[in-house]
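# Survey of secondary and tertiary structure
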Amino acid sequence: AGTATVEVAALAPDLFRVGLFLNGRPLDYTSEAIAKMEWELTQVQSSSANGELSLCTGAARVRISLDPLRIRFEDASGRVFAEDDPERGMGFFARPKVGGREEALGPAVRLYKRHPAGERYFGCGERTGGLEKTASHQIFWNIDPPGGHNPGHNNLYTSIPFIVAMQDGKAWGLFLANTYHVEFDLAHEDVDCSWFGAAGGDLIYYVFCGPSIRSVLDRYTELTGRTPMAPLWALGYHQSRYSYMDADELRSVAHEFRRRRIPCDVLYLDIHYMDGYRVFTWDRERFPDPPQLIAELQEQGFHVVTIIDPGVKVDDRYQVYLEGREQDFFCKTADGGEYHNVVWPGLCAFPDFTSSATRAWWGSRHQAPLDDGVAGIWCDMNEPSLFVPFHSTMPDDVVHLGDGDPKLHAQIHNLYGSLMARATREALQALCPDRRPFVISRSGFAGLQRHALLWTGDNNSWWEHLWMSVPQLQNLGLSGLAWVGADIGGFFGDTNPELLTRWMELGVFQPFCRNHSALDTRRQEPWAFGEPYESIMKKMMQLRQRLIPYLYTVFEECHRTGAPILRPLFFENPDDETTYAVEDEFLLGSALLIAPITRHGDEYRHVYVPEGTWFHLWSGKQIEGPSHILAEAPLGEPPIYVRANTPIPLWPEMSHVGERPADPLTLLIFPAAGQGELTLYEDAGDGYDYQQGFYSRRRITCETSVDQIIVRLDERKGSFVPERKEVHLEIREVPAPPESVHVNGQQIVPEYDDGRRTLIVRLPE
Ligand code: MIG
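First, a word on what this report is: a plain description of the structure on this page. Everything numeric in this text was worked out from a predicted model, so none of it was measured.

Let us now look at the overall build of the protein chain. What the protein chain contains, in helices and strands, is 14 helices and 47 strands. A compact globule built from 765 residues should have a C-alpha radius of gyration of about 27 Å, and the protein chain, at 27 Å, falls within 12% of that. Seen along its three principal axes, the alpha-carbon backbone of the protein chain occupies a region of about 80 × 75 × 50 Å. When the 765 residues of the protein chain are sorted by exposure, 62% land in the buried category. Considering only intrachain contacts with a sequence separation of at least 6, the fraction spanning at least 24 residues in the protein chain is 68%. Counting every atom, the protein chain has about 28,000 Å² of accessible surface; 49% of that belongs to carbon and sulfur. Considering the protein chain, the positive charge centre built from 71 side chains and the negative charge centre built from 106 side chains are found 2 Å apart.

Here's what the structure looks like:
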């Protein structure tokens, strides 16, 4: 195409890639975002007729008209999507030159696609402004927004230039693989058109043909990578604060959890544990004996996670800085000096994570915290966020030497966070090969899910932010980042008892469940406000703890297929377009519907209940969806609904993972005419033996008719045998004592509780 080359490739039956390369640039698709480079598609038919080329995979087809060059996609049903705008298609434009920089970056690139009436956009990663993205302008450029985030902000800490489009129950997706400053204009400037542009680089985009939303996410996460299995303990409750200031404070927090029997698995040390904020050091006055402290906490079942920032203090007596300087591991200024800026430690240098040698060096530095017993690493400030000017990032012309192919910061800015998380994960993996790494990150790019979980950074202790987190977490799940959570209770500012309690009612259903708050704010541990709040929060946290086998099962589904853990209603009900606008409710897996209370004083709320039969968890009331209901939800009884006939696996109450054997396993079932099922996934909870078949997958079905309920537990698949003796069926809302109960054909004496209308059946494992 003139001075440019355009390549269109079919990578999988439902995945195409388009690349536009200017002025003889090499056709290069390597990208830090992409996990899978090699695709083998054998069944592609190409044809050419009437000035049009076409590639057909059987499931989908791309049509390329040559003059002018326009590209559109079609699936087997004849649905046309991702169609180039007839006027504009794709191309590039020179930007005004300011100094040398624009020249180095080259021209800006842009792609125009038609926006058919009724097509609705979702995704775009970490966003504050609601679920749907139609008619919006989206910026992809990682920043640490001053004063935390608010609904008016566009881009935040993490960038995922990916959309999912929905119409009539069918989905397609588009990912722009470009790490420069990226913008999407989604039927915003022009209702009939959307554009996808970048400030430089090659124009490379991937089209996911669906047609199901599930298959779009499946392919997208095959391309950019899946969420690795979490260690089981990481699904528990995490408690943090900026900061637990010394060993005794941390000890006393741990002690309170255990004394009050409130579940907690993980404790965090924020920046004050370090010596003058020097990364990979300890302040020996505050923390005289870290290994001893951590061992003590481990005894009580806690894991300890420490924060690491990228900024390395410029200090001639500090080993980490000296090593980095000697070996040239830091980012450079345009004229070759070490780039410096101010962060917590004062003047700092910043590792160039684009270089594999730097990543390996940084990684090896994690030996010390691991030797001290640290269980995971918290990567913060990795946009990177800098203090001069306040809340800025690196100038565009900072140089990253990389592995011999130097880049300007403007070209890789959005990758800095992901690369730091990658270095961290690879280190934990290498240093503790039998453990599943635990890494948490604030910043990243598409593909971050391979390296770390994401928390949404600095929210406020405001009701508005509690509300905002609900669509925000769903957007992330739709963008491949499923292991996510917002700071429970709110970070900045003082929380209050009602807000904290309502936040906990939602937070216990976040894939990542952590309470965190800023320096000088009111304490917000679950006991901070006494009764009745403490007991309510404890009840909710116990519920999460009991739900771990369910959460783990959903997590494994995500690991295998990219399905979000916390998912929008339309993920399960794409044919019901009412769900496209439901942003203040979500599903956890497919069997739990959560509609949090997010306003002060509210004791009722509207809930849209999607198709199917559902049961209100607290009252057992049966609801037929689709329907709009007014749910009563006093403090302590947030609207939670369980899908009929779906067995929900529950553990007994525990204060932390592994406190005692998870025996019995309870299968909670609300029966109603029809059938349901769940395939329970279990494994050792850490390590990699599951990859050799050391797991257990067990399909459990429930079939309910007018006069009988049949529950079947299939044979276990896989070689893992859970260490327990009993499985209890807890069958709720059984209107009358059953005439008979049979277990494997043997009649047993029914155990029926009139008051709770519950039938218990005890089975051997
Ligand atoms: O400039 O380490 O988002 O969670 O507590 C603030 C202190 C730096 C920002 C993180 C927050 C953390 C805080 N950090």
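Additional details are given in the paragraphs that follow.
So, about the sheet that holds strand 37 (residues 640-643). Read from one edge to the other, the open sheet built from six strands follows the order 32-33-34-37-35-36, with strand pairing classed as antiparallel. One side of each edge strand has no neighbouring strand; the edge strands of this open sheet are strand 32 (566-567) and strand 36 (622-632). As defined by bridge partners, strand 34 (residues 592-594) adjoins strand 37 across three bridges and the pair is classed as antiparallel. By the bridge assignment, I594 is partnered in strand 37 with I640.

The next thing to look at is the site of the ligand. Near the ligand there are 13 residues, and of these D270, W344, D380, D458 and H516 occur at the shortest range. Within the side chain of R442, an N or O atom sits 2.9 Å from an oxygen atom of the ligand. Note that an oxygen atom of the ligand is positioned 2.9 Å from one of the side-chain N or O atoms of H516. Within the complex, the protein chains bury 94% of what would otherwise be the 360 Å² of accessible surface of the ligand.

With that out of the way, let us pick up the pairing of strand 36. Sheet analysis places strand 35 (residues 604-616) next to strand 36, joined by 10 bridges and oriented antiparallel. Bridge pairing links R605 to A631 in strand 36.

Our focus in this paragraph is helix 6 (residues 356-364). Buried within helix 6 we find T358, R359, W361, W362 and G363. On its buried face, helix 6 is in contact with strand 20 (303-308), strand 21 (312-313), helix 5 (319-326), helix 7 (367-372) and helix 9 (416-431).

Bringing helix 3 (residues 247-259) into the picture now. Taking 1.5 Å per residue, 13 residues should reach 18 Å; helix 3 reaches 18 Å between its end C-alpha atoms and fits that length. For helix 3, every residue scored as buried is listed here: A247, E249, L250, V253, A254, E256, F257 and R258. Summarising the contacts, the buried residues of helix 3 are in contact with strand 18 (237-239), strand 19 (266-269), helix 4 (290-299) and helix 12 (533-546). One or two positions beyond helix 3, positive phi appears at R261, with a value near 55°.

Summed over all chains, the structure comprises zero disulfides. Unpaired in this structure, C193 has its nearest cysteine sulfur neighbour in C124, at a distance of 16 Å.

It is worth spelling out the packing of aromatic side chains at this point. A complete count under the given rule lists 42 aromatic pairs for this structure. Ring geometry for F257 against W527: centres 4.8 Å apart, planes inclined by 80°, an arrangement best described as edge-to-face. Placement of F257 in helix 3 and of W527 in the loop between strand 31 (513-515) and helix 12 is noted, with a sequence separation of 270 residues between them. Relative accessible area serves as the criterion here: at 15%, W527 is assigned to the buried category. Here the aromatic rings of F280 and W362 are separated by 5.0 Å at their centres, their planes lie at 75°, and the arrangement is edge-to-face. Here F280, found in the loop between strand 19 and helix 4, pairs with W362, found in helix 6; they are 82 residues apart in sequence, far enough to count as distant. For the pair shown, F280 and W362 are each scored as buried. Following the ring pairs from residue to residue traces out a cluster consisting of F280, Y321, F329, F330, F353, W361, W362 and Y416. The positively charged end of R514 is found above the aromatic ring belonging to W455, 5.2 Å away from the centroid.

Rules used throughout
- Residues numbered from 1 in each chain as written.
- Predicted model: local features only at pLDDT ≥ 70, side-chain atom pairs only at ≥ 80, totals over all residues.
- Heavy atoms only, no water.
- Helix = DSSP H or I, 4+ residues; strand = E, 2+ residues; numbered from the N terminus.
- Rg over C-alpha atoms; globule rule 2.2 N^0.38 Å.
- Buried < 20%, exposed > 50% of the residue type's maximum accessible area, 1.4 Å probe, protein only.
- Contact = heavy atoms within 4.5 Å.
- Areas by Shrake-Rupley, 256 points an atom, 1.4 Å probe, with all protein chains shown as cover.
- Lys, Arg positive; Asp, Glu negative; His and termini not counted.
- Charge placed at Lys NZ, Arg CZ, Asp CG, Glu CD.
- Pairing = 2+ DSSP bridges.
- Near = heavy atom within 4 Å.
- Polar contact = N/O pair within 3.5 Å; in protein donor to acceptor, adjacent residues only side chain to side chain.
- Expected span 1.5 Å × (residues − 1).
- Disulfide = S-S within 2.5 Å.
- Phe/Tyr/Trp six-rings, centres within 6.5 Å; stacked < 30°, edge-to-face > 60°.
- Lys NZ or Arg CZ within 6 Å of the ring centre and 35° of its normal.

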